[in-house]
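Take a look at the letters that make up each chain.
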Amino acid sequence: MPNTITKEEHERNRRRRSRQLLGAVLCLLIIIGTLNVIGFAIGGVAALFDDSDRRLEYEQRLQTLVMFDPLPFASLDQMDDSTARLVHESAIWSALYTAQQSENGLDNYERDPDTEALIIPALEVDAAVASLFGPDYKITHESFDGVDMSYQYLEDKQGYLVPVTSQMGLYTPRVEQLDRQNGQLRVTVGYIPTPALSGDYSMTSPSEPTKYMDYIFEREGREYYLVALETSEMRPAASTSDSTAPAATPEPVFDPASAIAGNAGSVPEELTGDSAPASEGGEGAGTPEDTGENAEG
């Protein structure tokens, strides 16, 4: 006789299949949830170790100082006169860059009627100095000779005449690492020289740093401020213990105002490959020989 399934057995089988199906769905959801949690955890850990935004921040802060290639100093009060002038000069260009990034750009800034040079207010130069060196570091506002130009301070206007059509060479900073130790932040910066923005690009020009410097910051309140500059132990990849100066590159010359004006957000896009002359303290205008000597400390 054929097996007959009672109504009760049929119901039990149906409920068993429903439980099995529900169990399979729950297992799938648990697996998906576990994978998502693992993915978020991995992403969170990666974010903890990803300091790219922080490195970009310091590239922005150091851009105009690196382009003048100052010599090392053990503390702010131990800067020599030539390095102090480079700090002064870099602050003027930092103020100019900040002005160009404002809503109205340079339209609201007064110009000299004879030369069309911009007049950058001394207060804005002070703000640029304070943002990098802290509120206690002060500069004396006066006319002075920079690397490639002279800066005239107008007492009646309380500002600097900036000849924006002048030319100078630049380095572009690339922050390689951030190292916190002993209450300090050591920012290792690679110096990348580049060809003229307005000239022909040479494929033999370096696209990697030709020297490294360590910028030392100390914390004051919630911010870190620059207190010293040292020659870094990091060396260019191509250098060896008996190496001399890096390969010769064309001396970069271009309009600094155009370069700084190209900053997107906070970093100049055109300046992602700038080169700078050696500072006055570097005894030259950014030749490869000077760069190599300074790089080796």
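Calculation notes
Residues numbered from 1 in each chain as written. Predicted model: local features only at pLDDT ≥ 70, side-chain atom pairs only at ≥ 80, totals over all residues. Heavy atoms only, no water. Helix = DSSP H or I, 4+ residues; strand = E, 2+ residues; numbered from the N terminus. Buried < 20%, exposed > 50% of the residue type's maximum accessible area, 1.4 Å probe, protein only. Areas by Shrake-Rupley, 256 points an atom, 1.4 Å probe, with all protein chains shown as cover. Core = buried A, V, L, I, M, F, W, Y, C linked by side-chain atoms within 4.5 Å. Contact = heavy atoms within 4.5 Å. Expected span 1.5 Å × (residues − 1). Arc of directions from axis to C-beta.

Draft legend 1. Region of the structure containing the overall build of the chain. If you tally the helices and strands in the chain, you get six helices and 11 strands. Looking at the chain as a whole, 43% of its 297 residues qualify as buried. Carbon together with sulfur atoms contributes 52% to the accessible area of the chain, which is approximately 16500 Å² in total.

Draft legend 2. Summary view of the nonpolar core. In this structure, Phe133, Val187, Tyr215 and Phe217 are the most contacted members of the largest nonpolar core, which totals 48 residues. Considering every element that reaches this core, the biggest residue donor is helix 3 (residues 81–100), with eight residues.

Draft legend 3. Molecular detail of the side chain of Ser94. Its place among the elements puts Ser94 in helix 3. Owing to a relative accessible area of 18%, Ser94 belongs among the buried residues under this scheme. Here Ser94 is in contact with Thr64 and Ala128, once residues within four sequence places are set aside.

Draft legend 4. Highlighting helix 4 (residues 122–133). With 12 residues, helix 4 extends 16 Å from end C-alpha to end C-alpha; this agrees with the ideal 16 Å at 1.5 Å per step. Among all positions of helix 4, only Ala122, Val125, Ala128, Val129, Leu132 and Phe133 are buried. In a view along the axis of helix 4, the buried residues occupy a sector of 115°, so they form one face of it. Looking at the residues trailing helix 4, positive phi occurs at Gly134, about 100°.

That's the geometry; what it means functionally is another story.
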